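Breakdown of the fold
Here are the chains, one letter per residue:
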Amino acid sequence: MIGKLYLIPTTLGDTEPLEVMPLSVKKVVEQIDYYIVENEKSARRFIKKISPKKSQPSLQLMLLDKYAEELETSRYLDVCKEGINVGLLSEAGVPAIADPGASIVKLAHENNIRVIPLVGPSSILMAMMSSGMNGQNFAFNGYLPIDKSDRKKALKDLEKLSNDKNQSQIFIETPYRNEKMLADLKATLSPTTNLCIAADITLPTEYIKTLMVKDWKHQQPDLHKKPAIFIIQK
């Protein structure tokens, strides 16, 4: 039998795993010793937290970070040919969404390895759910340009696209640049465009609010170094 690839969600911050994901995730973690991870230290911490009795020395961790060579990662699923199941862990949230794990999922399909996604927290979907915007038609745009003029053009383009297609536009920013992003949103978008900011989702400091841009001008939430999702709809 060929082993399977399990897509294992992790917490979005320092929360108890079983508060935000089902028991099935714990059961799968307890059965798997081979993992593909972005960071060994944080992966071991998550595994220990969700399954304290699991033997750490038995874990085989394969790194999928910016230094990983394609030739090396192309062999990460070879153990599946021996009937061994492999778990793919994201640094936060669900694997393969805004996450390098997508390349491993593609590799699994190319090698006829069954892919099994497990239920867990996705900041993108949870932000969309709680925004009050169009959940029937939305798009995730990842990171916008860093250059100020390019970013303002991208924001205007997304605003126009939202208006033309009645489509919610979702994007993210590096946490230490969140406040600059909010300033650009206030300065660039139409006063009547809706803007949702969702930060620290599932954490005790969770902040989710949707207002028109003109009303955000009087609001200044603390977003510094907090994982945040931005959604606009014209």
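Please read these numbers as outputs of a predicted model, since none were measured by experiment. (Residues numbered from 1 in each chain as written. Predicted model: local features only at pLDDT ≥ 70, side-chain atom pairs only at ≥ 80, totals over all residues. Heavy atoms only, no water.)

Among the secondary structure elements, Met-21 is positioned in the loop between α1 (17-20) and α2 (23-31). Ignoring any residue separated from it by four or fewer positions in sequence, one finds Met-21 in contact with Pro-9, Thr-10, Thr-11, Phe-46, Ile-50, Val-119, Gly-120 and Pro-121. (Helix = DSSP H or I, 4+ residues; strand = E, 2+ residues; numbered from the N terminus. Contact = heavy atoms within 4.5 Å.)

Okay, helix α6 (residues 123-131) next. For α6, the set of buried residues is Ile-124, Ala-127, Met-128 and Ser-131. An end-on view of α6 places all buried positions within 100° of arc, on one side of the element. Contacts made by the buried residues of α6 are with β6 (138-143), β7 (168-172), β8 (194-199), β9 (207-212) and β10 (228-233). At the C-terminal side of α6, Gly-132 shows a positive phi close to 80°. (Buried < 20%, exposed > 50% of the residue type's maximum accessible area, 1.4 Å probe, protein only. Arc of directions from axis to C-beta.)

Next up on the list: unusual backbone geometry. Positive phi, close to 75°, is recorded for Ala-96, a residue that is not glycine. Among the secondary structure elements, Ala-96 is positioned in the loop between β4 (86-89) and α5 (102-110). A relative accessible area of 22% means that Ala-96 is categorised as partly exposed. Phi is positive for Thr-202, which is not a glycine, with a value near 75°. By secondary structure assignment, the location of Thr-202 is in the loop between β8 and β9.

Glancing now at the pattern of salt bridges. Under the definition given, this model contains 15 salt bridges. A salt bridge links Asp-78 to Lys-81; the shortest N-O distance between them is 3.9 Å. Residue classification places Asp-78 among the partly exposed residues on the basis of a relative accessible area of 27%. Linking Asp-184 and Arg-151 is a salt bridge whose minimum nitrogen-to-oxygen distance equals 2.7 Å. Linking Asp-184 in helix α8 (residues 178-188) with Arg-151 in helix α7 (residues 148-165), this pair joins segments that are 33 residues apart in sequence. With relative accessibility at 2%, the residue Asp-184 sits in the buried group. Since its relative accessible area comes to 5%, Arg-151 is described here as buried. Each member of the salt-bridge network shares a partner with another, and the members are Lys-148, Arg-151, Glu-173, Arg-177 and Asp-184. (Salt bridge = Lys/Arg side-chain N within 4 Å of Asp/Glu carboxyl O.)

We now examine the side chain of Lys-186. Mapped onto the elements of the fold, Lys-186 is located in helix α8. Nearest to the buried, unbridged Lys-186 among oppositely charged side chains is Glu-179, at 9.8 Å. Residue contacts for Lys-186: discarding those within four places in its chain leaves Val-213, Trp-216, Lys-217, Gln-219 and Gln-220. (Lys, Arg positive; Asp, Glu negative; His and termini not counted.)

Before going further, it helps to examine the UniProt feature "domain: Tetrapyrrole methylase" (unreviewed entry) in the protein. As recorded in UniProt, the sites labelled "domain: Tetrapyrrole methylase" (unreviewed entry) are residues 5-209. For residues 5-209, helix accounts for 37% and strand for 19%, while the C-alpha atoms at its two ends are 37 Å apart. (UniProt positions renumbered as here; feature names shortened; annotations may be inferred.)

Every buried residue of α8 is listed here: Asn-178, Met-181, Leu-182, Asp-184, Leu-185, Lys-186 and Thr-188. Residues of α8 that are buried sit in contact with α7, β7, β8, α9 (213-216) and β10.

Moving on, we get to the environment of Thr-205. Inspection of the secondary structure assignment puts Thr-205 in the loop between β8 and β9. Distance from Thr-205 to Pro-57, taken between C-alpha atoms, is 35 Å for residues 148 residues apart in sequence. Excluding anything up to four places from it in sequence, Thr-205 contacts Ala-199 and Asp-200. There is a polar contact of 2.6 Å between the side chain of Thr-205 and the side chain of Asp-200. (Polar contact = N/O pair within 3.5 Å; in protein donor to acceptor, adjacent residues only side chain to side chain.)

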